[in-house]
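# Coordinates in review
Read off the chains here:
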Amino acid sequence: MKNSIKSIVIASAVALTLSGFAGCTKKPGAANNNAVVGITQEPGIFDPHTVVAAGDEEIIFNVYEGLYKYDSKGDLNPCLATDVAISDDASVYTFTIREGVKFHDGSDLDAADVVYSLKRAAGLLENQDGTALVQELDPIKDVKAVDGGKVEVTLESGNTELLSYFTTGIIPDGYDNCQAAPVGTGPFKFESYNPGQSVILVKNENYWQKGLPYLDKVTFKVCADMDAGLTELAAGSIDIFPYLTTDRANQLDKAKYNILSNGSNMVQIFALNNSVEPLNNLKVRQAINYAVSRKDVISVTMDGAGVELTTAMSPAMGSYYDKSLDGTFAQDIEKAKTLLAEAGYENGFNITCTVPSSYLIHVNTAVELASELKAVGINMEIKQVDWATWLDKVYTNRQYETTVIALTSSYAPYDVLDRYQSTSSGNFINYKNDKVDELMAKIPTITDTKEKTELYHQVLKLLTDDACSVYLQDPTTITAVSTRLEGYNVYPMYVQDMSQVKVTGN
Amino acid sequence: MQGKAGYFVGKLIELLVTLLLVSLLVFAAFSIIPGDTARVMLGPEASEAQVNLLRSQLGLDKPLVARYFSWLFGILTFNPGTSYAYNMNVGELIAQRLPVTVGMSAIAMVMVILISYPLAVLSARKPGRLGDQVCSVIGHVLFAIPPYVASLLLILLASSLFSLVTVGNYVMPSEDFFGYVGCLLLPSFAIALPKIAMSFKFLRSSIIEQRASDYVRTSKSHGLSDLKILVRHVLPNSNVSSITIISIILSDILGGSLIVEQVFNLPGLGRLLLSAISRRDFPLLSGIVFYLAFITVLLYFLSDILAAITDPRIRLK
Amino acid sequence: METVRNNKYRSPEASAFYTAGLILLGIVVVTFIVSLFWTPYSPEATDAASKLLAPCPEHPFGTDNFGRDVLSRIMSASKYTIYISAAGVAIALILGTLAGIPAGYFGGYTDKGIMLLGNSIMCFPGILLALVAVAVFGASVTNVIWALGLVFAPTFARVCRVGTMEIKELDYITHARVMGVKPGRIMAMHIFPNLVPQLLPATVIGLANMTLFESGMSYLGLGVQPPDASFGKMLSDSQAYIRVAPWLVIFPALMLVFYILGLYFISEGLRVNLAKGGKR
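Predicted model, so just to flag it, every value in this text is computed and none were measured.

Moving on, we get to the overall build of chain A. If you tally the helices and strands in chain A, you get 14 helices and 22 strands. Taken against the 2.2 N^0.38 rule, which gives 23 Å for 506 residues, the C-alpha radius of gyration of chain A at 24 Å falls within 12% of a compact globule. Taking the principal axes of the C-alpha coordinates as reference, chain A spans close to 70 × 60 × 50 Å. Out of the 506 residues in chain A, the part that is buried amounts to 60%. Restricting the contact set of chain A to residue pairs at least 6 apart, pairs at least 24 apart contribute 68%. A total accessible area of about 18,800 Å² is found for chain A, and carbon and sulfur atoms account for 48% of it. Between the centroid of the 41 positive side chains of chain A and the centroid of its 65 negative side chains there is a distance of 4 Å.

By the element assignment, Arg39(B) lies in helix α2 (residues 37–42). Residue Arg39(B) is classed as buried on the basis of its relative accessible area of 7%. Leave out the neighbours within four places in its chain, and Arg39(B) touches Leu391(A), Thr396(A), Pro44(B), Ala46(B), Glu48(B) and Val51(B).

On to the pairing of strand β11 (residues 240–244) of chain A. All names here are of chain A. Judged by how many residues are buried, β11 sits mostly within the fold: four of five residues are covered. Pairing analysis gives three bridges linking β11 to strand β18 (residues 470–482), with the strands arranged antiparallel. Residue leucine 244 lies in a different strand from β18, and its bridge partner there is isoleucine 478.

This part is about the domain arrangement of chain A. Residues and elements named next belong to chain A. Domain boundaries in chain A define domain 1 (11–63 + 180–261 + 478–503), domain 2 (68–167) and domain 3 (267–475). If you average the C-alpha positions of domain 2 and of domain 3, the two centres end up 34 Å apart. Taken over both partners, the interface formed by domain 2 and domain 3 buries close to 900 Å², and the fraction arising from carbon and sulfur atoms is 49%. On the domain 2 side of the contact with domain 3, Thr160, Glu161 and Tyr165 bury the most area, a combined 54% of that side's loss. Here domain 2 is connected to domain 3 by zero salt bridges. The interface formed by domain 2 and domain 3 includes one residue pair in polar contact (both at pLDDT 80 or more). When its residues are assigned to classes, the side of domain 2 that touches domain 3 shows two nonpolar, seven polar and five charged.

Glancing now at the interface of chain A and chain C. Contacts between the two partners involve 22 residues from chain A and, on the opposite side, 24 residues from chain C. Both faces considered, chain A and chain C share a buried interface measuring about 1,900 Å² in area, 49% of it formed by carbon and sulfur atoms. Linking chain A with chain C are two salt bridges. Of the charged contacts in the structure, one is a salt bridge between Asp303(A) and Lys51(C), with a shortest N-O distance of 2.8 Å. For the pair chain A and chain C, the number of links is six residue pairs in polar contact (both at pLDDT 80 or more). When contributions to the side of chain A that touches chain C are tallied by element, the ones reaching two or more residues are α5 (226–235), α6 (246–249), α8 (294–302), α10 (360–374) and β16 (379–385) of chain A. The leading source of residues in the side of chain A that touches chain C is α10(A), at six residues. By residue class, the composition of the side of chain A that touches chain C is five nonpolar, eight polar and nine charged.

On to the pattern of salt bridges, then. Considering all chains together, one arrives at 19 salt bridges over all chains under this definition. Measuring nitrogen to oxygen at the nearest pair gives 2.7 Å for the salt bridge that ties Arg161(C) to Asp111(C). Placement of Arg161(C) in helix α5 (residues 141–167) and of Asp111(C) in helix α3 (residues 108–123) is noted, with a sequence separation of 50 residues between them. Grouping residues by exposure puts Arg161(C) and Asp111(C) together as buried. Via salt bridges that share partners, Asp47(A), Arg120(A) and Asp176(A) belong to a single interconnected network.

This brings us to the confidence of the model for chain A. Residue and element names in this part refer to chain A. Averaged over chain A, the pLDDT score is 84; the fraction of residues at 70 or greater is 93%. Confidence scores differ between elements of chain A, with helix α2 (residues 15–18) showing the lowest mean pLDDT of 32 and helix α7 (residues 282–291) the highest of 95. When the criterion is pLDDT under 50, residues 1–30 qualifies, and its contacts beyond four places in sequence or with other chains add up to 60 contacts.

The next subject is the state of the cysteines. The term disulfide refers to a covalent linkage connecting the sulfur atoms of a pair of cysteines. Residue and element names in this part refer to chain A. For the structure on display, the rule yields zero disulfides over all chains. Counting only cysteine sulfurs, cysteine 79 is the nearest neighbor of cysteine 178, a cysteine outside any disulfide, at a range of 16 Å. Judged by relative accessible area, cysteine 178 falls into the buried class, the value being 0%.

Moving on: unusual backbone geometry. Residues and elements named next belong to chain A. Cis peptide bonds are those with omega within 30 degrees of zero, and the linkage from leucine 212 to proline 213 qualifies with -10°. Structurally, proline 213 is set in the loop between β9 (198–203) and β10 (217–222). A cis amide bond, omega -15°, links glutamate 277 with the succeeding residue proline 278. With respect to the secondary-structure elements, proline 278 resides in the loop between β13 (267–272) and α7.

Glancing now at the nonpolar core. One finds Phe220(A), Met498(A), Leu285(B), Ile288(B) and Ile191(C) to be the most contacted residues of the largest nonpolar core, which totals 195 residues. Broken down by element, the residue count for this core peaks at 16 residues, all from helix α9 (residues 247–279) of chain C. Discounting chain neighbours no more than four positions away, the residues touching Leu285(B) are Val26(B), Phe30(B), Leu273(B), Ala276(B), Ile277(B), Pro125(C) and Leu128(C). Counting 75 residues, the second largest nonpolar core, distinct from the first, contains Tyr165(A), Val183(A), Leu391(A) and Val436(A).

Rules behind the numbers
- Sequence order sets the numbering: in each chain, residues are counted from 1 along the sequence as written.
- The order in which chains are written sets their letters, starting at A; the order in which ligands are written sets their numbers, starting at 1.
- Totals for whole chains, interfaces and linings use all residues, but because this is a predicted model, local features are given only for residues with pLDDT of at least 70 and pairs of side-chain atoms are given and counted only at 80 or more.
- Note that water and hydrogens are dropped before the side-chain values are worked out from all heavy atoms of the structure.
- Secondary structure elements follow DSSP: runs of H or I no shorter than four residues count as helices, runs of E no shorter than two count as strands, and numbering proceeds from the N terminus.
- For the radius of gyration, the atoms used are the C-alpha atoms, and the globule rule reads 2.2 Å times the number of residues raised to 0.38.
- With a 1.4 Å probe rolled over the protein chains alone, any residue whose accessible area is under 20% of its type maximum counts as buried; one over 50% counts as exposed, and the rest are partly exposed.
- When checking whether two residues touch, look at their non-hydrogen atoms; a contact exists if any pair is within 4.5 Å.
- Only the protein chains shown count as cover for residues, and all accessible areas are computed by the Shrake-Rupley method using a 1.4 Å probe.
- We score Asp and Glu as negative and Lys and Arg as positive, and we do not count His or the chain ends.
- Where a charge sits is defined by one atom per residue type, namely NZ (Lys), CZ (Arg), CG (Asp) or CD (Glu).
- When DSSP locates at least two bridges between a pair of strands, those strands are taken to pair.
- Residue ranges for the domains originate in an automatic or database domain assignment.
- Joining two parts hides part of their accessible area as seen by a 1.4 Å probe, and the buried area is that hidden amount summed over both.
- Basic side-chain nitrogens of Lys or Arg form a salt bridge, by our definition, when they fall within 4 Å of a carboxyl oxygen of Asp or Glu.
- Each polar contact in these results corresponds to two N or O atoms within 3.5 Å; when the atoms are within protein, one needs to be able to donate a hydrogen and the other to accept it, and residues that are neighboring in sequence are counted only if both atoms are side-chain atoms.
- Residue type decides the class: Asp, Glu, Lys and Arg count as charged, Ala, Val, Leu, Ile, Met, Phe, Trp, Tyr, Cys and Pro as nonpolar, and the leftover types, Gly among them, as polar.
- The quantity called pLDDT is the predictor's confidence in a given residue, expressed from 0 to 100.
- Here, two cysteine sulfur atoms that lie within 2.5 Å of each other are counted as a disulfide.
- As used here, the term nonpolar core means buried Ala, Val, Leu, Ile, Met, Phe, Trp, Tyr and Cys residues forming a set that is joined through side-chain atoms within 4.5 Å.

Pasting the structure below:
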């Protein structure tokens, strides 16, 4: 490792010659079969069982596959499993493993790989301490291979909500080097990672879905922020760029880029810490809900491209979403003032809002909220902190009064609502309602879909009735895609599915 | 000779102590500010188990003091360690970012010299003339325009007037050298502007001062041409002050011009530094700070020596 | 004992500098004073219905992405710009002179020690220092100013040190020393006044850098907190809108340049005066 210091010295002296080893990013050009995707979050984690950051997930979605896989409509389809048999009490899941699937390293997928991967995700390997890496798979008690290429997963108790978590990536038996050298079964193979610059994936020639993928190479190029990405788009050095705002998308040449938009299935929340004064008072929380104009927040932060929310779930969740709650907290300044007076705060109060400074959308939301809350006499002071401090102080240690954040999307309704259980580690708003705890404990034991949906609706209703926080919006994902490509599908989650994309023009 | 050797040794010790002090400061800062690398990398949705696994993989479960000493030991054996967030050797990471920072400094430096020298020589020929005054006024104004403002105004100009210059879109020099130089032109110019003004001002007054000095007058009476006097006597003497200025300018730019990199979306050292801070990446941050300290001290050191070479009157003390 | 203070000479060149400087700085200062009593609109009140309006009779400088009046925001931003830069430079100047003059005067180990510390601080990322200040003392503009002052102090110390080393060789200082005047008195009464011409441009550069440094820190959530603003912060916030709403960039940029240029011209005037007076 002696040469690293030396390389600095040499580089300082003869930078131009030395710069040669600093990796390559290819421009998209004529007659190539490649695509470049702009990303704004620096990737870092490539292990399918520790990955949770959206910025990593959108890349490795192309590298790893689970037993089941979501499509762009949000439907759960069999993938590395061809089907599943769930026992009546939902405590045993038996998967049939697909045949003829090859890993990127050339080995064949078999039951042993699946057993190893699921055990690793659930923390059941011998060298693990029993805590699950993928927290949602913690209920797994045992995984074993059974006859006929099947894998039997036994749970601690019946749970009908678990199938959606079997999307977790399958890796070769005994493989433990996914962070440095990812190996999966997905349509693309991991080629290289240049920190701060790019991640390069290449075509998996042996992909089990014949004919896919179309592209030879996909480059995920890191852009400093949305505006940097926009400049690169305009210069033609990237083909696909997600997470734009309307007015930025409008600056692009319509002949060169198609603009796609879709709900992001995220929930932007003005989080109120339910255990601090005066936010522990229901009337105060309701008053704040009535004081806010969701429409103006969306207009200021997303140029109107967002769906107003009054409950903890995005309408993208389909039937689980409770439409009857729409419009619950339409802006009503007088009502807000009355509620504040009833709570004993007729003269308002002072409060701070701790926002993560690196997320402009949340900072801007806080500015708009502060201006709106002033109308009912609440003085909100904005305190920006950097992301690391936010995670430490606000999310983990819950030392804050209010904050603005977006809760990451998930197709699984249970995942969305899990954090409102009083014991959940994600319950950073310190919400506590015994009724909700009880319902959440009951849901996994229900097999009847209709009854389950009804219970979810009850939870949502309770959350809204308790005004546990202010639900603001589901921001729309706007993606610019070069007209030389087709087949790109926008997912209502942080995923870039490149398997269907093909080059049609230049 | 002994004096010289002693001088070098003294400077070397100074360098080492500075580096040690800086790394201690960084270490102290890290023990104070809140935040956890593993949590930042994994995000809020990660479970405690995932965070803990990553912490132990990265060696974050060891106390900071232990990590500091293992880092220090690594430096002594020429190994700056592995970045937590990028999982890569810190030396390589820094070297990767250098083409931007060094390229920008080099181009800016060339611009400073190419523009400020001729202007200063011309201006100083006839001080007080219209040309001189126009140059001086422009110089004053440029001096007061911060690089950040200049960057924004240049982007505004470039995007509305000429579509020739591409803003952003950094290309590797290995891939397209002219493209690489091209994409660094505008940001370098933004950095160079106030420095051009600064260098112009110092050179001009230095040349005027030298002109008035006795030895130049003597040479003149001996019939030497103006040009010869300028090249042989005036400029070398002015160089002493310009070397100092240039070293200041260089250490300014080499430190990574964060704001300009941010505005032009260039993957330089400044952004790497910011990312190291915001991700609480102790080895990376220490590495960068170490490198910056090294460059700064080295530049002052070199400028002292160069000044001594160009001007025999200054002895190495 | 001749010092540069007792001269009343004024050159026409200096007068031109003074006039230009006072006009430019005057614009900023008047804006600041008026903002204390009156702004056309509330600088904080958002109005989603009238966002990103180009300059028009109702909003002479246009409106921003929140629908806030840019003129009103510039007026209130002048307060933070002046406060942060002036207070920060004052701290840096005081710390810098207190460290730099003794370093240059005594030389030896005093000098070595002080310069080592200075070099270390210079290499230490200012943003990290500000993060530490905020973590220890809490988030406030004042704490950030202290951090900024500390970051900028070594620059002033360097200027003072070099200047002192030259001045202390002058005859009258040697004289004073031989006559038994205490070092503290020599440094305060004789050396410091002679450093003023060199400190002036450094001060102005410091002011300019300070305003920008502060805006750069907003990325980590340090410095002025929204909805308050400074010129530098307004610039960094409006970068995204440079193509669609250039007025968001141009007006704060102009004010920032006026402020720095005004200060710079005044310092040039002072310097020319002192230099000419000194030579006489």
